[in-house]
Amino acid sequence: MVGRVPGRAGALVAAVLLAVSACGDAASPGAPVAAPTPAPDACGDLAACRLLERVDVDGDGAADDVALVSAAAPGEGVEVRVATAAGALVTRAVPVDEWVGDGLGTDAWWGSTALDGEAGEELLLLSTVGAHTSWFTVLTWRAGALEVLSAPEPDEFSGGQQWWVDASRASSAGVTVEEPGLVTWRTALVDDALEGLDTRERTYRWREGSWQPAGEAVTGRWSPDEPLPEGFQGWHAPGLPVL
């Protein structure tokens with residue numbers, strides 16, 4: 001015959017039995033816990049691929065992996081690969097001239113920043129260079145794909161598909177992101193007599209899917225020997241090198 005367990009000992013036994021029962025329930029196969037779906041690897045097994053940074057590209061608030069695949073031969077261009085936190089892998093081919101860096105596009109990555117004010121950051125790549133001018137391809141997320149974000153000011157080489165900055169005694173150009181969706185393009189061009197630089201500012205606002213003029217001003221005349229005010233050469237935006 002089993003006797004009664006004294007009060008304090010009985011309470012201890014009951015606590016032990018309750019703990020064992022709880023452990024058994026937690027390990028029960030009747031309540032499986034689903035493992036999270038891992039995000040795809042942006043590079044996979046591509047030897048010429050390298051991870052660039054983690055930034056929210058698709059605008060869902062979570063960081064995505066951004067990678068770049070170098071060209072197989074000079075001038076063939078690169079491939080940008082984005083592995084989203086939601087599990088998608090999206091790629092985009094970007095032309096890069098052989099004069100950029102090592103010719104294979106390894107140095108084409110410029111950075112990411114919020115340009116147009118839509119959710120997600122834009123991706124910038126240096127796509128061609130001149131004696132003192134640099135042209136950039138800007139990629140943005142649109143409906144699950146990487147699309148080219150055209151520049152508000154067209155140029156004679158790319159028809160507005162590429163953004164450009166400049167820095168020399170004869171011509172300068174700079175892009176300032178005042179805030180996402182509002183940019184100012186500043187230029188300084190030498191006059192026909194080669195005696196001075198005429199400076200100008202144009203502001204554009206992203207509205208209804210395109211850049212719309214938001215203001216223009218002629219800001220002065222400068223000697224080629226004088227330093228230009230800040231903003232007239234290179235990029236002025238969070239996360240981007242100036243030149």
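None of these values were measured; they are calculated from a predicted model.

A. Up close: the side chain of aspartate 64. With respect to the helices, strands and loops of the structure, aspartate 64 is situated in strand 2 (residues 64–69). For aspartate 64, which is buried and forms no salt bridge, the nearest opposite charge comes from arginine 54, at a distance of 6.8 Å. Here the side chain of aspartate 64 touches valine 57 through a polar contact of 2.8 Å, landing on its backbone nitrogen. A distance of 2.8 Å separates a polar atom in the side chain of aspartate 64 from the backbone nitrogen of alanine 85. Contact partners of aspartate 64, with chain neighbours within four places excluded, come to Glu53, Arg54, Val55, Asp56, Val57, Asp58, Val82, Ala83, Thr84 and Ala85.

B. Up close: the sheet that holds strand 1 (residues 49–55). Pairing is antiparallel across the open sheet formed by 4 strands, whose spatial order is 1-2-3-4. This sheet does not close on itself; its edge strands, each paired only once, are strand 1 and strand 4 (89–94). Strand-to-strand, the axes of this sheet are offset by a mean angle of 20°, without reference to chain direction. Here strand 3 (residues 78–83) runs beside strand 4; their pairing, made up of 6 bridges, is antiparallel. Bridged to glutamate 79 within strand 4 is alanine 93.

C. Layout of the nonpolar core. Residues Val66, Leu115, Leu123, Trp163 and Trp235 are the most contacted members of the largest nonpolar core, which totals 42 residues. Element by element, the count of residues in this core is highest for strand 7 (residues 133–142), at 5 residues. Residues contacting tryptophan 235, with those up to four places away along its chain left out, are Trp110, Leu115, Leu124, Phe136, Trp163, Val165, Val175, Leu240, Pro241 and Val242.

D. Main features of the packing of aromatic side chains. Summed over all chains, the structure comprises 7 aromatic pairs. Between tryptophan 110 and phenylalanine 136, the ring centres sit 5.0 Å apart and the planes meet at 65°, which makes this aromatic pair edge-to-face. On the criterion of sequence distance, the pair formed by tryptophan 110 in strand 5 (residues 109–113) and phenylalanine 136 in strand 7 is long-range, its members being 26 residues apart. A relative accessible area of 16% means that tryptophan 110 is categorised as buried. The class for phenylalanine 136 is buried, based on a relative accessible area of 0%. Where tryptophan 163 meets tryptophan 185, the ring centres are 5.6 Å apart and the plane angle is 10°; that geometry is what we call stacked. Of this pair, tryptophan 163 sits in strand 9 (residues 163–167) while tryptophan 185 sits in strand 11 (residues 182–190); the two residues are 22 residues apart in sequence, bridging distant segments of the chain. Look at tryptophan 163 and you get buried, because its relative accessible area is 0%. Overall, tryptophan 185 belongs to the buried group, its relative accessible area being 1%. Through successive ring pairs, a cluster of aromatic residues spans Trp110, Phe136, Trp163, Trp164, Trp185, Trp206, Trp211 and Trp235.

What counts, and at which threshold
Residues numbered from 1 in each chain as written. Predicted model: local features only at pLDDT ≥ 70, side-chain atom pairs only at ≥ 80, totals over all residues. Heavy atoms only, no water. Helix = DSSP H or I, 4+ residues; strand = E, 2+ residues; numbered from the N terminus. Buried < 20%, exposed > 50% of the residue type's maximum accessible area, 1.4 Å probe, protein only. Lys, Arg positive; Asp, Glu negative; His and termini not counted. Salt bridge = Lys/Arg side-chain N within 4 Å of Asp/Glu carboxyl O. Polar contact = N/O pair within 3.5 Å; in protein donor to acceptor, adjacent residues only side chain to side chain. Contact = heavy atoms within 4.5 Å. Pairing = 2+ DSSP bridges. Axes fitted to C-alpha atoms, helices over the stretch in contact; angles between N-to-C directions. Core = buried A, V, L, I, M, F, W, Y, C linked by side-chain atoms within 4.5 Å. Phe/Tyr/Trp six-rings, centres within 6.5 Å; stacked < 30°, edge-to-face > 60°.

All we've got here are geometric facts, nothing functional implied.
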